[in-house]
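In case you want the letters, here they are:
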Amino acid sequence: MAKHQFQTEVNQLLHLIIHSLYSHKEIFLRELISNSSDALDKLKYLTLTDDSFKDLSFDPRIDITFSEEGDEKTLSVSDTGIGMNQEDLVENLGTIARSGTKAFLGNLTGDSKKDSNLIGQFGVGFYSVFMVADRAEVITRKAGEETAWKWVSDGQGEFDITPAERESCGTTVTLHLGEEGSEFASRWQIEQIVKKYSNHIAFPIFLHYVKTEYDDKGKEKGSTPTEEQINSAAALWKRSKNEITAEEYNEFYKTISHDTEDPLMHLHTRAEGTMEYTTLFFVPSKAPLDMYQADYRPGVKLYVKRVFITDDEKDLMPTYLRFLRGVIDSEDLPLNVSREILQQNRMMAKIRESSVKKVLGEFVRIAQEDPQRWLSFVEHYNRPLKEGLYSDFANRETLLELVRFRSTKVEGWTSLAEYKQRMLPDQKAIYYITGDNEQTLRNSPLLEAYRKKDLEVLIMADDVDELVVPMIGTYKEVELKSVNRSDAGKDLEAEKDQEKDEALKPLLERMKTVLGDRVKDVVTSVRLADSPSCIVVDESDPTMKMAQMMKAMGQ
Ligand code: ADP
Ligand code: MG
């Protein structure tokens, strides 16, 4: 018997799962089914692309059984998927591979509803079985290998791996349900949980139970073991739009995203003609927690003719749309597309390009037809969409209609279009001020002269603004101008008073001497109304924050 220790992080995670998710114990089943589905996807792919698996008889399915013998209740989830060998077991069920899981640990809120949403996102699924099981047993055999292996653990720091028997490849996870989990050895419970979370898993899920028969007098006549398929197992995206209910879309979203809340929207489209493909995209109601991490988990899965290819390809969609969840299913791509081929594939580039157009087009439609609804998108996704202004030149015009800003003239959010409508008859530019903090910006002396002249200024306190907004240049031929810069005052058109300037010269000289190297120049200004002075950035200098950033980088 080979004893192994869990990696320290696994112990930490197990502890957290058990203590934060006890009110959502049922998700262990969703996690096991999702792993089985992944394993079936992987083997299906091999049978279609790898000659050494061509002759394998492959009957993809997931089977759930449960039993009760005396006090001992068990539940098993079995699949005919790719299976694992000894090394795989140690690696997959003994460590935490993904660095994102560290983020998971850091992001736990202690609020079990929120935490249960996180659990799937960060790939800690399997360990959730220890919420319901005193002991878990995994018997598995890897496709193409002769030996089967048994992994056993009670989730208390250690696991054992020993050789075992299994007729064909695949994995069976058997849970010895403790008191905490005894309720799950029930036909109705299992059926209900599968319907709720796994109805749209693309492989059939069979539930095995014993059917009791009665005679006409209601007396027990006998019993027969029965199996019944309990999920719909169809590729939902391949069905026609008008046959799919909103409820089904929402369920499907939850199956693929591990989210428990309904999405903000879905967009289901089919392209026919020179290229044939189907896309189904969703926008989660809340930004994915890893949205601002470099190793975020992409949410769009690629299929070729309904065969799952990858869910780990960040280039399927542009980075600024990384919050999207969904499916791309192409009829034309070759099945064995490698990552390298994908990245250079012209077809893939086309699919991506037109998918982006469609998604942004749908956003524009919502923003125009239901501005109130659009604000719930803005709340979570304004910032990534702003990144798009920087990175997606081709769609900049569209993105400019989607992003929203704070302003000196309106409460809440405003669009550039609305700003433009409010412009004064002789107003020359769209003014904005950038900085770290909205409230500080609102109190800035730089705004005084604009306020006096009734000119609206956009308040930009997002960290990307300083980088992104200067690149925009113009919106519908109106220039965007930063009030932080020294030439901005020229627009205010107030004539400088030559005589007063002459009189102030000695004062300015004196100030320059006192301030020395700390300033480039001291000049009179027409932009202030109440404050005696303010600091501005020279028109030829990078703005203040950029200057700070460059200094931090040693430049
Ligand atoms: P994730 O599924 O997000 O990777 P899990 O904790 O659910 O995280 O599973 C860990 C790993 O264990 C999986 O990535 C997979 O490699 C392996 N695994 C789990 N269940 C199975 C299974 N039924 N068949 C084959 N491999 C499995
Ligand atoms: Mg999993």
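Residues numbered from 1 in each chain as written. Chains lettered and ligands numbered in written order. Predicted model: local features only at pLDDT ≥ 70, side-chain atom pairs only at ≥ 80, totals over all residues.

Attention now moves to the overall build of the chain. Check the secondary structure of the chain and you find 17 helices and 19 strands. Burial analysis of the chain (555 residues in total) assigns 34% to the buried set. Long-range contacts, defined here as pairs at least 24 residues apart, represent 70% of the contacts in the chain between residues at least 6 apart. (Helix = DSSP H or I, 4+ residues; strand = E, 2+ residues; numbered from the N terminus. Buried ≥ 20, exposed ≤ 12 C-beta atoms within 10 Å, placed from the backbone. Contact = placed C-beta atoms within 7 Å.)

Turning our attention to unusual backbone geometry. Phi is positive for Asp454, which is not a glycine, with a value near 65 degrees. Here Glu477, not a glycine, exhibits a phi torsion of approximately 70 degrees, which is positive. Position of Glu477 among the secondary structure elements: in the loop between strand S18 (474–475) and strand S19 (478–482).

Most often, soluble globular proteins keep nonpolar side chains buried together rather than apart. Ranked by size, the top nonpolar core spans 62 residues in total, and within it Tyr432, Ile433, Val457 and Leu458 carry the most contacts. Element by element, the count of residues in this core is highest for helix H9 (residues 346–369), at 7 residues. Contact partners of Val457, with chain neighbours within four places excluded, come to Thr408, Tyr431, Tyr432, Ile433, Leu447, Tyr450 and Val483. Counting 51 residues, the second-largest nonpolar core is a separate cluster that includes Ile27, Phe28, Ile82 and Ile139. (Core = buried A, V, L, I, M, F, W, Y, C linked by C-beta atoms within 7 Å.)

What follows deals with the environment of Asn199. Along the chain, Asn199 falls in the loop between helix H6 (187–198) and strand S8 (205–214). Asn199 sits in the partly exposed class, given 19 other C-beta atoms within 10 Å. Not counting residues up to four positions away in its chain, the partners in contact with Asn199 are Val194, Asn231, Ser232, Glu251 and Thr255.

For helix H7 (residues 246–257), with 12 residues, the first-to-last C-alpha span of 16 Å sits near the 16 Å given by 1.5 Å per residue. Listed as buried for H7 are Tyr249, Phe252, Tyr253, Lys254, Thr255 and Ile256. His258, located one to two residues past H7, shows a positive phi value of around 65 degrees. (Expected span 1.5 Å × (residues − 1).)

A few words on the sheet that holds strand S11 (residues 277–283). With mixed pairing, the 5 strands of this open sheet are ordered in space as S10-S11-S14-S12-S13. Taken across any chain shown, the strands that pair with only one partner, and hence form the sheet edges, are strand S10 (265–271) and strand S13 (307–310). Across the sheet, the mean angle from the axis of one strand to that of its neighbour is 20 degrees, orientation sign disregarded. With respect to the sheet, H9 is in contact with S10, S11 and strand S14 (325–330), its orientation differing from that of S10 by roughly 135 degrees. (Pairing = 2+ DSSP bridges. Axes fitted to C-alpha atoms, helices over the stretch in contact; angles between N-to-C directions.)

This paragraph deals with the pairing of strand S4 (residues 133–141). Where S4 and strand S7 (residues 170–177) come together, 8 bridges link them in antiparallel fashion. Residue pairing in the sheet places Arg141 in a bridge with Gly170 of S7. Here 6 bridges tie S4 to strand S5 (residues 148–153), and the two strands are oriented antiparallel to one another. Bridge pairing links Ala136 to Ser153 in S5. Hairpin geometry of S4 and S5 is characterised by an intervening segment of 6 residues between the two adjacent antiparallel strands and by a positive phi of about 90 degrees at Gly144.

All right, on to the pairing of S11 then. Among the 7 residues of S11, 7 are classified as buried, and the element is accordingly described as predominantly covered. Burial along S11 is two-sided: the residues Tyr277, Thr279, Phe281 and Val283 and Thr278, Leu280 and Phe282 are all buried. One ladder, built from 7 bridges, connects S10 with S11; its direction is antiparallel. Each bridged residue has a counterpart across the sheet, and for Met265 the counterpart in S11 is Val283. Here S10 folds back onto S11, and the loop between the two strands holds 5 residues, one of which, Gly273, carries a positive phi near 120 degrees.

Our focus in this paragraph is the environment of Thr310. Checked against the element boundaries, Thr310 lands in strand S13. For Thr310, a count of 18 C-beta atoms within 10 Å corresponds to the partly exposed category. Linking Thr310 and Val300, residues 10 residues apart in sequence, is a C-alpha distance of 8.7 Å.

Structurally, the position occupied by Leu105 is in helix H4 (residues 100–107). Looking at Leu105, the number of C-beta atoms within 10 Å reads 15, which means it is partly exposed. Through-space distance from the C-alpha of Leu105 to that of Leu13 is 7.1 Å; in sequence the pair is 92 residues apart. Residues in contact with Leu105, not counting those within four places in the same chain, are Gln12, Leu13 and Leu16.

What follows is about the sheet that holds S4. Spatial ordering of the open sheet is given by S1-S6-S5-S4-S7-S3-S2-S8-S9, a layout of 9 strands whose pairing is mixed. Edge positions in the sheet fall to strand S1 (2–5) and strand S9 (220–229), since each of these pairs with one other strand and no more. When the angles between neighbouring strand axes are averaged without regard to direction, this sheet yields 20 degrees. Inspection of the sheet shows strand S2 (residues 62–69) paired to strand S3 (residues 72–79) by 8 bridges, in the antiparallel sense. Residue pairing across strands places Ile62 opposite Asp79, the latter belonging to S3. Of the strands in this sheet, S2, S3, S7 and S8 are in contact with helix H2 (residues 27–49), which crosses S3 at around 25 degrees.

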